[in-house]
Amino acid sequence: RNFPGFMRRLLMSLGAALRRQNLKPRDIGLDPQTISPDALRRHSDPHITRLGIAAVDTLIEWVTHAQSYRVLLFIDEYERLLDTAIFDIEEAIDILDYLRGLVQTHPSTFNFIIAGLTRRFAAQPRIGNRQNALFGFAADFPIAGLSRPDLQQLFRKIGKRVGLNF
C-alpha cells in the first residue's frame, strides 16, 4: 500500500521537475500518461509500482546519455517513512533499499537527500528484523532551519561532497 503511494508521489514530482526544466515526458522517452495526475489516480497499486520503477529507469537512462542532468530526490521528514503508525515498516525498508540500490548502481547519475528532525532511524543498524538501508550509508549533516538561499547553498555543498554539481 505504501510503496505504490510513494511511487505515485514520485511520478507526480517527476512531472513537476520536467515542467521546471521545460522538458516534456516524451523528451526523455516517457509516455505523457505515465505522469498524468488523472492516470496516476486510476492505476492499480501493482501497476503504479511497475510504472514508477520503469519511469525512474527511463529517466536515469536518459540522464546518463544526456550528461547534462543528474537526478536528486529530496525526502523531507524521512522519519515518517519509518513510523509504523504511518507506514508498513517492511514497505518503508523496501523503499529505502530501492533508493540505495539506485545510488549504488548509478552513482554519477542518481542520489537522494533525506531530511528530518532526528537521526535516530538513520543511526540504527536494524529496523525490526531488517537491515537498515540508511545505516552506514547516509552522511549526517545536522542543521537548523534555513532560508531558501541558504538551503540551496547547502544542497550544492552536500551535493559536491557526494559528487554532484548544480
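Structure's up top.
From a predicted model like this one, the values you see are computed outputs, not experimental measurements. (Residues numbered from 1 in each chain as written. Predicted model: local features only at pLDDT ≥ 70, side-chain atom pairs only at ≥ 80, totals over all residues. Heavy atoms only, no water.)

Observations regarding the pairing of strand β2 (residues 110-114)
And then number 1: In terms of burial, β2 is largely enclosed, as 4 of its 5 residues are buried.
And then number 2: Summarising the sheet, strand β1 (residues 71-75) and β2 pair through 5 bridges and their orientation is parallel. By the bridge assignment for β2, leucine 73 is matched with phenylalanine 112.
And then number 3: Following the chain from β1 across helix α4 (residues 89-105) to the adjacent parallel β2, one finds a crossover that is right-handed. (Buried < 20%, exposed > 50% of the residue type's maximum accessible area, 1.4 Å probe, protein only. Helix = DSSP H or I, 4+ residues; strand = E, 2+ residues; numbered from the N terminus. Pairing = 2+ DSSP bridges. Right-handed = clockwise from strand over helix to strand, strands pointing away.)

A short note on the packing of aromatic side chains
And then number 1: Summed over all chains, the structure comprises 3 aromatic pairs.
And then number 2: Ring plane angle 35 degrees and centroid distance 5.2 Å describe the contact between tryptophan 62 and tyrosine 69, whose orientation is recorded as tilted. (Phe/Tyr/Trp six-rings, centres within 6.5 Å; stacked < 30°, edge-to-face > 60°.)

Details of unusual backbone geometry
Keep in mind that most residues, glycine aside, have a negative phi and that most peptide bonds are trans.
And then number 1: Unusually for a residue other than glycine, asparagine 22 sits at a positive phi of about 55 degrees.
And then number 2: Considering the arrangement of structural elements, one finds asparagine 22 in the loop between α1 (2-20) and α2 (37-42).
And then number 3: The class of asparagine 22 is exposed, set by a relative accessible area of 69%.
And then number 4: Its identity as a non-glycine residue notwithstanding, glutamate 77 has a phi of 55 degrees, on the positive side.
And then number 5: Following the sequence through the fold, glutamate 77 ends up in the loop between β1 and α4.

Some words on helix α3 (residues 45-66)
Owing to its 3.6 residues per turn, the α-helix brings residues three or four apart onto one side.
And then number 1: Compared with the 32 Å implied by 1.5 Å per residue over 22 residues, the 31 Å span of α3 between its first and last C-alpha is a close match.
And then number 2: Listed in full, the buried residues belonging to α3 are Ile48, Thr49, Leu51, Gly52, Ala55, Val56, Leu59, Ile60 and Val63. Viewed end-on, α3 has its buried residues packed into an arc of 165 degrees, placing them on one side of the element. Every exposed residue of α3 that faces more than 90 degrees away from the buried side is listed here: Arg50, Glu61 and His65.
And then number 3: At its buried positions, α3 is contacted by α1, α2, β1, α4 and β2.
And then number 4: Glutamine 67 lies just past α3 and shows a positive phi near 55 degrees. (Expected span 1.5 Å × (residues − 1). Arc of directions from axis to C-beta. Contact = heavy atoms within 4.5 Å.)

Digging into α4
And then number 1: Over its 17 residues, α4 runs 24 Å from end to end, which matches the ideal 24 Å to within 8%, given 1.5 Å per residue.
And then number 2: Every buried residue of α4 is listed here: Ile89, Glu91, Ala92, Ile93, Ile95, Leu96, Tyr98, Leu99, Arg100, Leu102 and Val103.
And then number 3: Where α4 is buried, its residues touch α1, α3, β1, β2, β3 (126-127) and β4 (130-131).
And then number 4: Sitting at the head of α4, aspartate 88 places a side-chain oxygen 3.2 Å from the backbone nitrogen of glutamate 90. (Polar contact = N/O pair within 3.5 Å; in protein donor to acceptor, adjacent residues only side chain to side chain.)

Digging into the side chain of arginine 100
And then number 1: Relative to the elements of secondary structure, arginine 100 occurs in helix α4.
And then number 2: Although arginine 100 is buried, it forms no salt bridge, and the closest oppositely charged side chain is aspartate 97 at an N-O distance of 6.6 Å.
And then number 3: Setting aside chain neighbours within four positions, we find arginine 100 in contact with Phe112, Asn132, Ala133, Phe135 and Phe137. (Lys, Arg positive; Asp, Glu negative; His and termini not counted. Salt bridge = Lys/Arg side-chain N within 4 Å of Asp/Glu carboxyl O.)

Topic: the environment of phenylalanine 112
And then number 1: Tracing the chain through its elements places phenylalanine 112 in strand β2.
And then number 2: Looking at phenylalanine 112, the relative accessible area reads 10%, which means it is buried.
And then number 3: Taking the C-alpha atoms as reference points, phenylalanine 112 and histidine 65, separated by 47 residues in sequence, lie 20 Å from one another.

Overview of the pattern of salt bridges
And then number 1: In this structure the tally under the stated criterion is 6 salt bridges.
And then number 2: Here arginine 80 and glutamate 77 are joined by a salt bridge, their closest N and O atoms 4.0 Å apart.
And then number 3: Look at arginine 80 and you get partly exposed, because its relative accessible area is 44%.
And then number 4: Bridged by salt links that share partners, the residues Glu90, Asp94, Asp97 and Arg130 form one connected network.

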